[in-house]
Amino acid sequence: MKMRKTYILTFAGIAAGIFLAGCSSLKNKNSESDKEVYLPSDREALHKSVEQKTYNSAEIARGIVKGDWTIESVLGQQAVGEKTPYLRFDPETKRVYGNDGCNTINAIYTINPSDSTLTFSSMAATMMMCGVDGITDRQIAQAMADTRRYTWSLEGHDYHLTLLDGGGEQLMSMVHCNFEFLTGAWHVESINGDPIDVEGMNLVIDVDEGKIHGNTGCNIMNGKVETDLDTPNSISFSAIATTRMACPDLESETRLIVALEDACKAKALSPERVVLLGSDGSPVVEMVRVDPSQVD
């Protein structure tokens, strides 16, 4: 059974103690400033523009770190938790949010891409008893406290971040999970590898809102978009519904809906082109970015 407390504690390092109480927005009732500590469920207040969330080649070259990162390993162990361990870097506020597999956490981070230095301070977290053996929450906190440097790499379509101590020893490895490249308006160019020439087959995807809507070339379509931090680049489309107008090309509409429901991963081929992949890694839908005004 999980135990919740109503106290709050903040600290500059592990030695001061780690974990706090369990709600999304917490206050230190003993603090003179009564300063709020924001946790991940407050993300709505941290909404940023698509341009700020999406990586581009210049940022990659400069080693910019932002967005959601799934923690894969920590202090030589596979990261294990009741929830998926992850960190979210917000470069505008210089704060990091996430979950250590059991408790929600946040901290201030200081980063300098020019010399690849990175440190965490003012760390805070909820304090819950966790029922899973081998959970790596304390190792994650220790790794963050010891972090002094980082390395950043692009391997295929996946971004990898490694945190290092002052001597260059690896503390934590993470993979980037950010689907903001999907947010926008798109024209469908191919389905299951076959070129599609259907005028008006356009979709609008909003990752933050978890919604997809658009036009199949005849009918209006709406549905849900869900991402999963457990698997890098994992995404799913569900609850897809359309209007029921009689259309001359219902076959292409049906193929599009089935392909979207089969999609389980997304890759950015370029800033202007994306592909949705099936469970076997084959392309199911390829799209090119268009002006939102072109979508009904």
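Residues numbered from 1 in each chain as written. Predicted model: local features only at pLDDT ≥ 70, side-chain atom pairs only at ≥ 80, totals over all residues. Heavy atoms only, no water.

**Student:** When you look at the pattern of salt bridges in this model, what are you seeing that I'm missing?
**Tutor:** Side chains that differ in sign of charge can pair as their charged atoms come close. Counted according to the given criterion, the structure contains five salt bridges. Note that Arg 88 is salt-bridged to Asp 68, the shortest N-O span being 3.7 Å. In this pair, Arg 88 is assigned in strand 6 (residues 86-90) and Asp 68 in strand 4 (residues 67-74), connecting sequence segments 20 residues apart. Pair check on accessibility: Arg 88 and Asp 68 agree, each one buried. Ionic pairing is found between Arg 273 and Glu 286, a salt bridge with its closest N-O pair at 3.4 Å. One end of the pair, Arg 273, is in strand 20 (residues 273-277); the other, Glu 286, is in strand 21 (residues 283-289), with 13 residues separating them in the sequence. Within the structure, one salt-bridge network assembled from shared partners comprises Glu 189, Arg 273 and Glu 286. (Salt bridge = Lys/Arg side-chain N within 4 Å of Asp/Glu carboxyl O. Helix = DSSP H or I, 4+ residues; strand = E, 2+ residues; numbered from the N terminus. Buried < 20%, exposed > 50% of the residue type's maximum accessible area, 1.4 Å probe, protein only.)

**Student:** Is there a simple way to explain the confidence of the model for the protein in this structure?
**Tutor:** As a note on interpretation, predicted positions should not be read in detail where pLDDT is low. Of the residues in the protein, 75% have a pLDDT of 70 or more, and the chain-wide mean is 78. In the predicted structure, residues 1-53 sits below a pLDDT of 50 and forms 118 contacts with residues beyond four places in sequence or in another chain. (pLDDT = per-residue confidence, 0-100. Contact = heavy atoms within 4.5 Å.)

**Student:** Is there a simple way to explain the pairing of strand 17 (residues 220-228) in this structure?
**Tutor:** Each regular strand carries side chains that alternate between the two faces of the sheet. The pairing of strand 16 (residues 211-216) with strand 17 spans five bridges and is antiparallel. Paired with His 213 across the bridge in strand 17 is Asn 222. Across seven bridges, strand 17 lies against strand 18 (residues 234-242) in antiparallel orientation. When the sheet's bridge partners are listed, Met 221 is paired in strand 18 with Thr 242. (Pairing = 2+ DSSP bridges.)

**Student:** Help me understand unusual backbone geometry, please; the structure alone is not making it clear to me.
**Tutor:** Within the chain, Leu 75 stands out as a residue other than glycine whose phi angle is a positive 50°. Inspection of the secondary structure assignment puts Leu 75 in the loop between strand 4 and strand 5 (77-78). Look at Ala 239: it is not a glycine, yet its phi comes out positive at around 50°. Relative to the assigned elements, Ala 239 resides in strand 18.

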